[in-house]
Amino acid sequence: MSRIWSRLSAMLRNRTFIGADKAGNQYYVRTEQIDGIMKEKRWVEFKGEVDSTSIPVEWICWLNGQRKMAPTPEEMAMLEARRQRVKENVALLKKEEEEKKAREGSGRKITSMGKGDGPDLKSFIQQLPVASEVDKSGEASEATSSKRSTKTQEEKEVQDQAKQEPESAEPTGSGASFRPGTWQPPT
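A brief report on the enclosed structure follows. All values derive from a computational prediction rather than experimental measurement. (Residues numbered from 1 in each chain as written. Predicted model: local features only at pLDDT ≥ 70, side-chain atom pairs only at ≥ 80, totals over all residues. Heavy atoms only, no water.)

### Some details on the overall build of the protein chain
Logical step 1: Assigned secondary structure in the protein chain consists of 5 helices and 3 strands.
Logical step 2: For the protein chain, the sequential pattern of α-helices and β-strands runs α-β-β-β-α-α-α-α.
Logical step 3: Across the protein chain, the fraction of contacts at a sequence separation of at least 24, relative to all contacts at a separation of at least 6, is 26%.
Logical step 4: When the accessible surface of the protein chain is summed, it comes to about 16,700 Å², and 54% of that surface belongs to carbon and sulfur atoms. (Helix = DSSP H or I, 4+ residues; strand = E, 2+ residues; numbered from the N terminus. Contact = heavy atoms within 4.5 Å. Areas by Shrake-Rupley, 256 points an atom, 1.4 Å probe, with all protein chains shown as cover.)

### Details of unusual backbone geometry
Logical step 1: Residue Asp 35 is not a glycine yet carries a positive backbone phi of 55°.
Logical step 2: Within the secondary structure layout, Asp 35 lies in the loop between strand E2 (26-34) and strand E3 (37-45).
Logical step 3: By relative accessible area, which is 77% here, Asp 35 ends up exposed. (Buried < 20%, exposed > 50% of the residue type's maximum accessible area, 1.4 Å probe, protein only.)

### Describing the sheet that holds E3
Backbone-to-backbone hydrogen bonds join strands into a sheet, with any given pair of strands oriented parallel or antiparallel.
Logical step 1: With antiparallel pairing, the 3 strands of this open sheet are ordered in space as E1-E2-E3. Taken across any chain shown, the strands that pair with only one partner, and hence form the sheet edges, are strand E1 (16-20) and E3. When strand polarity is set aside, the average angle formed by the axes of neighbouring strands in this sheet is 25°.
Logical step 2: Of the strand pairs in this sheet, E1 and E2 are connected by 4 bridges, and their pairing is antiparallel. Looking at the pairing, Thr 16 lines up with Val 29 of E2. (Pairing = 2+ DSSP bridges. Axes fitted to C-alpha atoms, helices over the stretch in contact; angles between N-to-C directions.)

### Regarding the pairing of E2
Logical step 1: Counting the residues between successive antiparallel strands, the hairpin from E1 to E2 contains 5 residues, one of them, Gly 24, with a positive phi of roughly 95°.
Logical step 2: Pairing geometry for E2 and E3, over 9 bridges, is antiparallel. Its bridge partner being in E3, Glu 32 is matched across the sheet by Lys 39.
Logical step 3: In this structure, the hairpin formed by E2 and E3 is closed by a connection of 2 residues, where Asp 35 is found at a positive phi of approximately 55°.

### Quick notes on the pattern of salt bridges
Logical step 1: Applying the stated rule across the entire model yields 8 salt bridges.
Logical step 2: Of the charged contacts, one joins Arg 15 and Glu 45 as a salt bridge, the two residues approaching to 2.4 Å between their closest N and O atoms. Of the two residues, Arg 15 sits in the loop between helix H1 (2-13) and E1 while Glu 45 sits in strand E3, which places them 30 residues apart along the sequence.
Logical step 3: The class for Arg 15 is partly exposed, based on a relative accessible area of 28%.
Logical step 4: The partly exposed category is assigned to Glu 45, whose relative accessible area is 30%.
Logical step 5: One network of salt bridges, with partners in common, ties together Lys 22, Glu 58, Glu 80 and Arg 83. (Salt bridge = Lys/Arg side-chain N within 4 Å of Asp/Glu carboxyl O.)

Written out as structure tokens, the structure reads:
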């Protein structure tokens, strides 16, 4: 029990006050030997309720060892002034953007990209095989049948070229036989 008490009292005696922030939090450092290596321990004592979000970024960096030197009051004042200028600029830009939208009015159509919008079906239909192109009456037109005959000739030529090449388990390039929208997964 005395060993724990001596360590606790040593911890409180050997601490060095480094600084305080605007919220009143106090920062301390202590150097101690752990496993034969001198290590620096840094910590904060909160004023009032423990709220880690009240610690400024500069002090967080110092606590984590990302900064060797603690932030000075002058540096903190300069950074606080900079943060204030940024907030003012953001407010000004938002105001200008709202005024610009008000001047443009509601004449502009707003398009949403939500789940309600479907895919572009026109480009999808263009990729379908010619056999699906049928008149509303249910019969194929003459133009469609002539397109179909030229497509079937091209398909036969592609199949003949594919038969001449030996099949391999390795993927190959599609080269001259490539036709957009005609790929089918292997069965």
